Amino acid sequence: MKQRLPFTLIFVAFTLFLMVGQLKPFLTETAALTPFYVDESIVGLLEQPCGILLYLAAGLQSCFALPFLGAFIFVILLVALAYVVRWAFRVSDAWFGLCWVPSFGLLLHFTQLGYLIYTVKHPSFAFADPLGLLIAFFLIGVWYRLGDWRLKVAFMLIVPAVGFWLFGFFALLVVPSLAFCELAQLCMRPSEFHAPRAGMRHFLWAMALCLSGFLLPVILKRLLPIPIDIEVGHVSFTNDLSALRRPWLVAFFSSWIFACFRFEGSKRWMTAVASVVFLAVGSCAYLWSFRDTNFLATLRMKHAAEVGQWEQVLQIARSEEQEPTRAQVCLTRLALFKTGRMGDILFTYPDGSADYRAPQPNQWLRLMIGPLLYYHYGKTGFAYRWAMEDLVEYGERPAYLRYLYRVALLNGEDALAHRYARTLARTLFYKETDSDLEAEATAIRPLLNYTDQLDGDNGLVEFYLLNSFALSEGGSREMVELSLMNGLITKNTAGFWSRFMALLPTWEEHIPTHYQEAALMMSQLQGGAPVADLPIDPAVAQRFQRLVAASSRMGDNAANAALLRPEFGDSYWYYYFFVEGLKTN
Amino acid sequence: MKQFDSHKIYAWMWALSITLLAGCRPSVPSSYIEVEYPAAVTPDNDGATIPPNIAPLNFRILEEGNEYLTCARSAKGGQLTVSGRDACFDQGDWHALAEQTRGDSLYIDIYVKDGTGWKRFAAQRYFVAEESIDPYITYRLIRPSYVTYEELTINERSTESFDERVIYENMRLEDSSQGQCINCHMPRNWNRDAQSQFHVRQALGGTIFIDGNKAAKVNLKTDSTMSAGVYPAWHPTQNLIAYSVNETGQVFHTLDVQKVEVIDYASDLILYDAENNSIQSIDRTRCDFESFPAWSPDGNTLYYISAHYYQRAEDIDADLDNNYDQLHYNIYARDFDQKTRKFGPRRLVFDAESRGKSASVPRVSPDGRYLLFTLADYGQFHIWHKSADLWVLPLSPRPVHCNSAATIPPSPDSSTCFLYPQELTPLNSSEAESYHTWSSNGRWILFSSRRDDGNYTRLYISYFDNGGRAHKPFRLPQRSADADDLLLRSYNAAEFLVRQVKATPKQIAATIRGDASNASYTGSALLRQEPDCTAVTINTDAAARRGESVGY
């Protein structure tokens, strides 16, 4: 126990630090993508192989909504796994450090996912493997402790047949693994089987296990009325992402090493070797966990936006030092619109189009924040559409149901909203009521003042929103301002003056700075505009004159962008002349 | 002595069991306050006409209370009592009671106990029809039709119980690199001969023909037709299937709560000869969009819908996206000579366009007397149209009394009266009613409705009496009272079956995995060729033709 405690404490501290300290937004998002409903019928769960295990795993995974609670449960499971490995393979305390390899593997298996949490079609990708392997290793341990041959025969028959129904893939793994273990022991440790009869007995068991392990699944597959996916319960990836299986493979097949070699004894060097392996595997788990700053910042911004904390969204946007992704830029702009400061400071915020560091291309912006953006910008049809498309593709995740509910409420589809509210009420952490959302809906309603049309966005959310507003005419005050700003962002100046003049009476004494900047620039470029009659701030006008003077000295080509950036980088002028080539998704 | 003792013990055990069981059966309270209005329940089937062999109409009581008791009693005597907020009847007891009530009323008394004691709400009433309903239905379970699809299932459900099984599921052969859509499971003659078909799209695509416990895959796309077969109509006596072939697209509303518009940018009709694996074209005009074929029960007439497309722009897709609400479908028919297998010229059966409406999914009753269809403001995919309602057009060949309210007043120089199409008001709601079908005895109409929340389609069943009147429908009963509330899927393209589908999912999967036989194109099935875009083109002003629909 004395030797085990340090490993346990280090593992617990490390995992909690990684998960709660660094990946907290990832955990929160994982919970929102977990379809868990408290009142599923047991009969329904038993109708599918692995239904019970997946349901339990999904329930535990949904606890990530309270990140510390979820992480704590996850850690407990991984610790239990290490102790079960020790028990199953009779690993001595000196070698105990090795028992953590499967736990680190499963930790990494989850934390490496990053953007892929949106596209993995699995109800509980974090917890299914730890639970499943815990059961699998436990069953292996039980086998080694079965003395009576009749019990062993019963084990061979029951584990694949009944176990498959309860634990899916994991039960099927047990028997062939045991067959391997028995054979491995014969080959690797022949000296232990002095008597030929003992050796023969092991050999026969191995053969019987082989038959049982391989034949029973085949028989099951033929007999069962439903298709058997051999990977039921286990997170599967497409072929091009097979590298992501590696931590899992390490987690599982490391157990075979325990079967081949007997990790006994209590020498110091054993502890040292085990400690080195422990540290090495832990370091790998840390290094290869997906801790991408943009990804985590986007999630933090998204979560703040979802509860209407727009100032926090802006704080996160301002605090990030690396080039933002378009998702971050879109969330920043939405927050600026919501706080009414879009016209004053939008171009002072970081802009960019950093790549989404995902292992495969996808419409990550749409997957992460598509429904959120469409909903808040009043494009309710598309918010509903993409929430529904993702629900169809990836399951009844609360993340999608929330927007289906919100849009139904905004549309006045009360019965439909009630249906979704009822579904959300069956989750552990995502209950919502109409009154919770009223203020949010009130802010969006002015954006619904437009004529419906049939349209398509091809999943290019930012592109669609920009052009939709930039090319729209009329509408509420909020819509006209969005038209004006999106016209500026897309550098489509065609409707600038009409929108500007329509909004002028609403600005009272202060015209937002960027609109002043744009007015001065338009006047300079196009001429004929009544800038002199506008209440332009003298500081803005003087700054513009300085830009004109500087440009006349240096020109406005891209080479001068760096020189002009310190003084004018936060102005619309700089954006208009020098910011080019940004992607919009 | 020992023998005697054991008998005694058994006797005591039986007596105890019966006493316990009797004690468990709830009894109607002896004192209560009468409430004049019926209790709120879901689903609310009060006033519906039900088949004597239907599964128990379980429901949930929405009134607040501490204890609940429901008593179903027959007007002919006999009753059934269950306790609990969810009134879930035993199937055997229910069937016995319903059978006993055949041709009479079944009353539902609901008792709710709150702080003031028991209350009895005004009785709800079902009328139990004399005629039974077909024992099975088939439908597709789908998330409300969007572009993506996962976990589609074609199911078979018993109408007499809650048993449901999957005929085929699209995930069976799907992997991450190839998806499958499955649709349009259509039995031939209510599956009397265990024949049905459905389509598989995308990966491993083809049309699957199920015949007993065998299945075969056919590729119905030829170089001469615009697509593989889509909406099927199986000829009642010959192994022929009329299909529409469609270029269909799905476009999304930015704001409208109808959300999706499914548009045909082109469509024609074909006739597939299953025995010779050959295809002939029926309607093949560029400016008329034909779809949703349906045979008359004698097999001598093919009904279908068609819209004349007035091309306004070069880009037809963009034009239709912008003017989707300008496309109006009428119902037409062509005579079919079963010997020569040739179609005569088309004739207008129901002019929806002149009413500013659009008809879809014509279905003739098994006795040939009625044409049931959906009427909405525009288009043909009416499940997304809130204006979609069910209508019926009498097809009576008999003389019609001109003083009937259902007739068009005679012209001064004519003694002939035409029948009006009639809205089946008891079936309709403010939400979409669509895809409908007749039971094999013609007394029951199964249709889809979005009346519950405007988005998720549920199945409703209505009694259609011999006088051509539809009665208040009831929702397809479910074992659990809240099953429909919790299900985030729609019931789609339901059909009645008189017997179960025999082929197993594994057999069907094996067929889908195999190669398809390619159908060959053998020319036109028209008796006389018709010039493109001129056949029965509507010439007169729609307003002038308003109200002049022709009864057939």
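Residues numbered from 1 in each chain as written. Chains lettered and ligands numbered in written order. Predicted model: local features only at pLDDT ≥ 70, side-chain atom pairs only at ≥ 80, totals over all residues.

Draft legend 1. The overall build of chain B, seen in detail. Across its full length, chain B holds six helices and 38 strands. Going through the 552 residues of chain B one by one, you find that 45% of them count as buried. The long-range fraction of contacts in chain B, counting pairs at least 24 apart against all pairs at least 6 apart in sequence, stands at 61%. (Helix = DSSP H or I, 4+ residues; strand = E, 2+ residues; numbered from the N terminus. Buried ≥ 20, exposed ≤ 12 C-beta atoms within 10 Å, placed from the backbone. Contact = placed C-beta atoms within 7 Å.)

Draft legend 2. View of the overall build of chain A. If you tally the helices and strands in chain A, you get 28 helices and one strand. For chain A, the spread of C-alpha atoms along the principal axes amounts to about 105 × 55 × 35 Å. A burial count over chain A gives 46% of its 585 residues as buried. Across chain A, contacts joining residues at least 24 apart in sequence account for 72% of those joining residues at least 6 apart.

Draft legend 3. Quick look at the domain arrangement of chain B. All names here are of chain B. With domains assigned, chain B is organised as domain 1 (31-128) and domain 2 (201-206 + 220-498 + 519-524). Just the C-alpha atoms count here: the centres of domain 1 and domain 2 sit 37 Å apart. Each partner contributes to the interface: domain 1 provides 17 residues, whereas domain 2 provides twelve residues. Going through the elements one at a time, strand E3 (49-50) and strand E4 (59-61) are the ones with two or more residues in the side of domain 1 that touches domain 2. For the side of domain 1 that touches domain 2, a count of residues per class yields ten nonpolar, five polar and two charged. (Domains from an automatic or database assignment. Nonpolar A, V, L, I, M, F, W, Y, C, P; charged D, E, K, R; others polar.)

Draft legend 4. Examining the sheet that holds strand E7 (residues 86-87) of chain B more closely. Residue and element names in this part refer to chain B. Ordered in space as E2-E4-E7, the three strands form an open sheet in which the pairing is antiparallel. Two strands bound the open sheet, and with one partner strand each, they are strand E2 (41-42) and E7. Pairing analysis gives two bridges linking E2 to E4, with the strands arranged antiparallel. Following the sheet pairing, Val41 is matched in E4 by Ile61. (Pairing = 2+ DSSP bridges.)

Draft legend 5. Up close: the sheet that holds strand E15 (residues 195-202) of chain B. All names here are of chain B. Spatially, the five strands line up as an open sheet ordered E14-E15-E16-E17-E37, and their pairing is mixed. For this open sheet the edge positions go to strand E14 (180-187) and strand E37 (517-518), each flanked by a neighbour on one side alone. Pairing between strand E16 (residues 206-211) and strand E17 (residues 214-219): five bridges, direction antiparallel. Bridging from a neighbouring strand, Asp211 pairs with Lys214 of E17. Most of the contacts of helix H5 (residues 505-513) go to E17, to which it runs at about 30°, and overall it touches E15, E16 and E17. (Axes fitted to C-alpha atoms, helices over the stretch in contact; angles between N-to-C directions.)

Draft legend 6. Focus on the interface of chain B and chain A. Contact with chain B, which involves 27 residues of that partner, is made by 29 residues of chain A. Here the element with the most residues in the side of chain B that touches chain A is strand E19 (residues 240-253) of chain B; it accounts for three residues. Residues that form the side of chain B that touches chain A fall into these classes: eleven nonpolar, six polar and ten charged. Across two bridges, the pairing between strand E1 (residues 454-455) of chain A and E19 of chain B is antiparallel. Each bridged residue has a counterpart across the sheet, and for Leu454 of chain A the counterpart in E19 of chain B is His253 of chain B.

Draft legend 7. Looking closely at the confidence of the model for chain B. All names here are of chain B. The predicted model of chain B averages 88 in pLDDT, with 87% of residues at 70 or higher. With pLDDT under 50 throughout, residues 1-7 is counted as low confidence; its partners more than four residues away or in other chains account for zero contacts. Note on residues 18-24: pLDDT is under 50 here. Beyond four places in sequence and across chains, it has zero contacts. This prediction of the complex comes with two scores: 0.90 for pTM and 0.88 for ipTM. (pLDDT = per-residue confidence, 0-100.)

Draft legend 8. Summary view of helix H12 (residues 268-288) of chain A. Residue and element names in this part refer to chain A. In this model, H12 (21 residues) spans 30 Å end to end at C-alpha, consistent with the 30 Å of a helix rising 1.5 Å per residue. Within the span of H12, buried status applies to Thr271, Ala274, Phe278, Val281, Gly282 and Ala285. Buried residues of H12, seen end-on, are gathered within an arc of 105° and therefore sit on one face of the element. Within H12, the exposed residues directed more than 90 degrees away from the buried face are Arg268, Trp269, Ala272, Val276, Ala280, Ser283 and Leu287. As for H12, its buried residues are in contact with helix H1 (4-22) and helix H6 (101-111). (Expected span 1.5 Å × (residues − 1). Arc of directions from axis to C-beta.)

Draft legend 9. Structural view of the environment of Ile512 of chain B. All names here are of chain B. On the secondary structure map, Ile512 appears in helix H5. Take Ile512: there are 22 C-beta atoms within 10 Å of it, and that puts it in the buried class. Between the C-alpha atoms of Ile512 and Leu173, which are 339 residues apart in sequence, the distance is 8.5 Å. Discounting chain neighbours no more than four positions away, the residues touching Ile512 are Leu173, Val200, Leu204, Ile208 and Lys217.

Draft legend 10. Looking closely at the packing of H6 of chain A against helix H11 (residues 246-260) of chain A. Residues and elements named next belong to chain A. Packing of H6 against H11 leaves a shortest axis separation of 7 Å and a crossing angle of 165°. One element, H6, and the other, H11, form an angle in the roughly antiparallel class. The handedness of the crossing between H6 and H11 is left-handed. The segment H6 lies against H11, with Val101, Pro102, Gly105, Leu106, Leu108 and His109 engaging Pro247, Trp248, Val250, Ala251, Ser254 and Ser255. Residues that form the contact of H6 with H11 fall into these classes: eight nonpolar, four polar and no charged. (Parallel < 35°, antiparallel > 145°, perpendicular 65-115°, else oblique. Left-handed = near helix turned anticlockwise from the far one by under 90°.)

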